[in-house]
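# Structural overview for review
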Amino acid sequence: MTADEKQRTAVFLDLAGDFISSGYRGAEQGYLFTDDVPSAGEGAKNGENSTQGDSLEKIAAEIRACAGCPLGKTRTNAAPGEGVTQPLVMVIGEGPGAEEDAQGRPFVGRAGQLLDKMLSSINLSRNSNCFIANVVKCRPPNNRDPRPEETASCAHFLKRQIVFLKPKFILVAGRIAAQTLLETTEPIGKLRGKFTELTVKDMTIPLLVTYHPAALLRNEEYKRPAWEDLKLLRSRIDELNGEN
Ligand code: URA
């Protein structure tokens with residue numbers, strides 16, 4: 001059952017309860033539901049691939065309707081992600097900021113403009129060979145870090161996006177996204193600059209962490225190592241293409 005279905009069922013049951021007990025509406029309950037995630041064995045047992053019938057549009061529609069965590073209440077627009085459907089690189093950031101919340105698109109503010117330039121410097125673009133998403137799809141108020149329960153509640157959307165998109169590489173922007181995806185508390189300085197792997201379902205995808213473009217805007221010192229990371233990504237892409 002999805003978080004939305006649970007929410008609507010709970011509201012209906014509350015209403016029925018009020019009607020039966022007094023006829024007056026009681027105080028609204030602040031529920032916090034999450035989507036059921038099929039257990040690992042479930043799909044296999046039924047002989048089905050749980051991503052069958054999935055699509056980016058379906059995932060995006062569910063994200064836009066999601067009330068799975070408190071961020072659903074404070075967002076203006078969710079930003080599900082955007083880019084091409086068979087990306088060479090999937091870029092994963094932290095979560096929407098003010099501009100992303102206003103437009104419902106990822107990385108469209110100042111940091112996003114820098115991200116586009118960084119990608120372009122190694123011949124990557126959301127218009128031709130990348131897909132851009134975040135670990136949480138709704139803006140945390142005042143741009144605070146997303147909370148573990150929020151990233152956990154949103155994780156199944158990102159997982160479905162990865163499974164659907166099958167990117168050849170994942171580029172992770174910033175500490176929060178890196179720590180979330182790699183399930184670690186290691187500092188970004190230790191995580192960046194080297195390839196590791198992310199296993200999602202039956203796929204193992206090479207993953208590289210780099211500094212968040214917003215960190216580069218705040219601190220010039222990160223620009224050189226970020227450029228080294230981008231060059232490393234480009235060389236792995238070229239290797240894959242047999243160009244090295
Ligand atoms: N920062 C992020 O991590 N993601 C966005 O979409 C925008 C800013």
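Residues numbered from 1 in each chain as written. Predicted model: local features only at pLDDT ≥ 70, side-chain atom pairs only at ≥ 80, totals over all residues. Heavy atoms only, no water.

## A closer look at the packing of aromatic side chains
We apply this condition: Stacked, edge-to-face and tilted labels apply to pairs of Phe, Tyr and Trp rings (six-membered ring for Trp) whose centres lie within 6.5 Å, assigned for plane angles under 30 degrees, over 60, and everything in between, in that order. Put simply, a charge is over a ring when the Lys NZ or the Arg CZ is close to the ring centre, within 6 Å, and near the line of the ring normal, within 35 degrees.
Tallied over the entire structure, the rule returns two aromatic pairs. One cation-aromatic arrangement involves Arg-236 over Phe-195; the distance from NZ or CZ to the ring centre is 4.3 Å.

## Section: helix α8 (residues 175-182)
Quick note on the threshold: Exposure classes here rest on a 1.4 Å probe applied to the protein chains alone. A residue is buried below 20% of its type maximum, exposed above 50%, and partly exposed in between. Under the DSSP-based scheme used, a helix requires at least four consecutive residues in state H or I and a strand at least two consecutive residues in state E, with every element numbered from the N terminus. By the convention used here, residues are in contact when the closest approach between their heavy atoms is within 4.5 Å.
Residues of α8 that are buried: Ile-176, Ala-177, Ala-178, Gln-179 and Leu-181. Check the buried side of α8 and you find it contacts β2 (89-93), α7 (148-165), β4 (169-173), α9 (188-191), β5 (195-200) and β6 (203-210). Once α8 finishes, Glu-183 follows within two positions and takes phi at roughly 50°, a positive value.

## Digging into the confidence of the model for the protein chain
To keep it simple, the criterion reads: pLDDT measures the predictor's confidence residue by residue and takes values from 0 up to 100.
Mean pLDDT for the protein chain: 86, with 79% of residues reaching 70 or above. Low pLDDT, under 50, characterises residues 27-50; the stretch is placed with 33 contacts to residues that sit more than four places away or in other chains.

## Topic: the pattern of salt bridges
Applicable threshold: Salt-bridge detection follows one rule: a side-chain nitrogen of Lys or Arg within 4 Å of a carboxyl oxygen of Asp or Glu.
Throughout the structure, instances matching the rule amount to 12 salt bridges. When the shortest N-O distance is used, the salt bridge between Asp-54 and Arg-160 registers 2.8 Å. In this pair, Asp-54 sits in the loop between α2 (40-45) and α3 (56-64) while Arg-160 sits in helix α7, placing the two residues 106 residues apart along the sequence. Here Asp-54 falls in the buried class, since its relative accessible area comes to 11%. Classification of Arg-160 by relative accessible area gives buried; the value is 18%. Taking the shortest distance from any N to any O, the salt bridge between Glu-82 and Arg-126 comes out at 2.8 Å.

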